[in-house]
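Residue-level structure breakdown
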Amino acid sequence: MSKRYLVKIRYQWQLFCLALMFFSQLPVSKSLPYSEKRMNRANRYFSLVGIVIGLLVCLSYSLFDHFFSTHLVIILTMITSVYITGAFHEDGLADMADGMGGGYSAEKRLTIMKDSRIGTYGTVTLVLSLLLKFQLLVELEQHSILMISVVFAYAMSRAFAASLIFDTPYVAEDDSSKSKPIACQQSGIDLMILLAVAFLPALLFPWFFVGFWSLLLSIIVILLLLRLAFRYWLISKIAGYTGDCLGAAQQVSELIIYLVLIHHISNTGVF
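Residues numbered from 1 in each chain as written. Predicted model: local features only at pLDDT ≥ 70, side-chain atom pairs only at ≥ 80, totals over all residues. Heavy atoms only, no water.

Observations regarding helix H10 (residues 212-238)
Under the 1.5 Å per step criterion, the end-to-end length of H10 is 38 Å for 27 residues, consistent within 8% with the ideal 39 Å. Within H10, burial applies to Phe 212, Leu 215, Leu 216, Ile 219, Leu 223, Arg 227, Phe 230, Leu 234 and Ile 238. Here the buried face of H10 lies against helix H5 (88-102), helix H6 (106-114), helix H8 (146-167) and helix H11 (243-268). Once H10 ends, the next one or two residues include Ala 239, with phi positive near 70°. (Helix = DSSP H or I, 4+ residues; strand = E, 2+ residues; numbered from the N terminus. Expected span 1.5 Å × (residues − 1). Buried < 20%, exposed > 50% of the residue type's maximum accessible area, 1.4 Å probe, protein only. Contact = heavy atoms within 4.5 Å.)

Below is the structure:
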């Protein structure tokens, strides 16, 4: 392999590590090169990071399952997930809920979202979303598809959130913002890689079961409709997206995927 290709492979690896550093607390090299351009290019690997985190979460589930009851195992698994990600997406969901619920103008909403304190809207939204996620995971576990569903949802939901970068205006945040630097540009190639990787966990599902393709199509259509509505709502409220909005998009779409999976099982009785 020529030196030229080795350099390209190393560059892609560094982009993946940058995405991993952005989306998780997993250790990466402290000497990892960073620039705004690299951050924008790294968004192509956000769904791959979802797969990595999902696999780690499933590993923790398998370990806990040897010692504790189902409900306790799922709670410990959720704690593990939050620890790995640093509650990055949950924080975005709470902040966006506070901003959208408490602000009466785009400027006021953005100001509230940048505040590090959590308010009533954020608290209620976060608690209800975690309770819903717990119940959904319990039901998925009862149908013996929890681990497959988690890996799939973790990848797909991050692709859903990151895809908003492609065609939604970025609302620039001032220096007082508590947010991490985020990707604010996305090329067509980046988007295609992001989506292609997000579908890889679908290979884990038993393709022979009744209604697999209709299930996959349903998830795609519902997420596309959700994306259309969510994008329109963001533009009408704050003229674009912020990092908090992407975090909220990930959390909401993850829950939607679980709901669709459970609805399918309830109606068909098979998986």
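Structural notes on the confidence of the model for the protein
Looking at the protein as a whole, the pLDDT averages 90, with 93% of positions reaching at least 70. Counted against residues more than four places away or in other chains, residues 175-179, with its pLDDT under 50, gives 9 contacts. (pLDDT = per-residue confidence, 0-100.)

What about the packing of H5 against helix H7 (residues 120-142)?
One way to put it is that H5 packs onto H7 with a least axis distance of 7 Å and a crossing angle of 135°. Classified by the angle between their axes, H5 and H7 sit oblique to one another. Handedness of the crossing formed by H5 with H7: right-handed. Contacts between H5 and H7 involve Glu 90, Leu 93, Ala 94, Ala 97, Asp 98, Gly 101 and Gly 102 on the former and, on the latter, Thr 120, Tyr 121, Gly 122, Thr 125, Leu 126, Ser 129 and Lys 133. Among the residues making up the contact of H5 with H7, the classes are represented as 5 nonpolar, 6 polar and 3 charged. (Axes fitted to C-alpha atoms, helices over the stretch in contact; angles between N-to-C directions. Parallel < 35°, antiparallel > 145°, perpendicular 65-115°, else oblique. Left-handed = near helix turned anticlockwise from the far one by under 90°. Nonpolar A, V, L, I, M, F, W, Y, C, P; charged D, E, K, R; others polar.)

Thoughts on the pattern of salt bridges
Inspection of the entire model under this criterion finds 6 salt bridges. Between Asp 190 and Arg 41 there is a salt bridge, with the nearest N and O atoms lying 3.8 Å from each other. You can see Asp 190 sitting in helix H9 (residues 188-198) and its partner Arg 41 sitting in helix H2 (residues 36-42), a full 149 residues away along the chain. A relative accessible area of 2% means that Asp 190 is categorised as buried. Arg 41 gets classed as partly exposed once you look at its relative accessible area, which sits at 26%. Of the charged contacts in the structure, one is a salt bridge between Arg 227 and Asp 167, with a shortest N-O distance of 2.6 Å. Note that Arg 227 is positioned in helix H10 and Asp 167 in helix H8, a separation of 60 residues in sequence. Under the relative-accessibility criterion, Arg 227 is labelled buried at 16%. (Salt bridge = Lys/Arg side-chain N within 4 Å of Asp/Glu carboxyl O.)

A word on the packing of aromatic side chains
The final tally for this structure, using the stated rule, is 10 aromatic pairs. Considering the side-chain rings of Phe 22 and Phe 88, the 5.2 Å spacing of their centres and the 75° angle between planes classify their relative orientation as edge-to-face. Taken as a pair, Phe 22 in helix H1 (residues 3-23) and Phe 88 in helix H5 lie far apart in primary sequence, 66 residues in all. By way of ring pairs, the aromatic residues Phe 22, Phe 23, Phe 46 and Phe 88 are connected into one cluster. (Phe/Tyr/Trp six-rings, centres within 6.5 Å; stacked < 30°, edge-to-face > 60°.)

A word on helix H3 (residues 46-64)
Helix length check: H3, at 19 residues, gives a terminal C-alpha distance of 27 Å against a target of 27 Å (1.5 Å per residue), a fit within 8%. The complete set of buried residues in H3 reads Phe 46, Ser 47, Val 49, Gly 50, Ile 51, Ile 53, Gly 54, Val 57, Cys 58, Ser 60 and Tyr 61. Turning to H3, the residues buried within the fold contact H1, H2, helix H4 (70-85), H7, H8 and H9.

What about the environment of Met 78?
Here Met 78 lies in helix H4. Residue class for Met 78 comes out buried when judged on its relative accessible area of 15%. Expressed as a C-alpha distance, the spacing of Met 78 and Trp 233, which sit 155 residues apart in the sequence, is 29 Å. Those residues within four positions of Met 78 in sequence are excluded, and the remaining contacts are Leu 130, Lys 133, Phe 134 and Leu 137.

Points about unusual backbone geometry
In this structure, Ala 87 takes a positive phi of about 55° despite not being glycine. Within the secondary structure, Ala 87 sits in the loop between H4 and H5. Residue classification places Ala 87 among the partly exposed positions, given a relative accessible area of 24%. Of note, the phi angle at Ser 144 is positive, near 60°, even though the residue is not glycine. Turning to its location among the elements, Ser 144 is positioned in the loop between H7 and H8.

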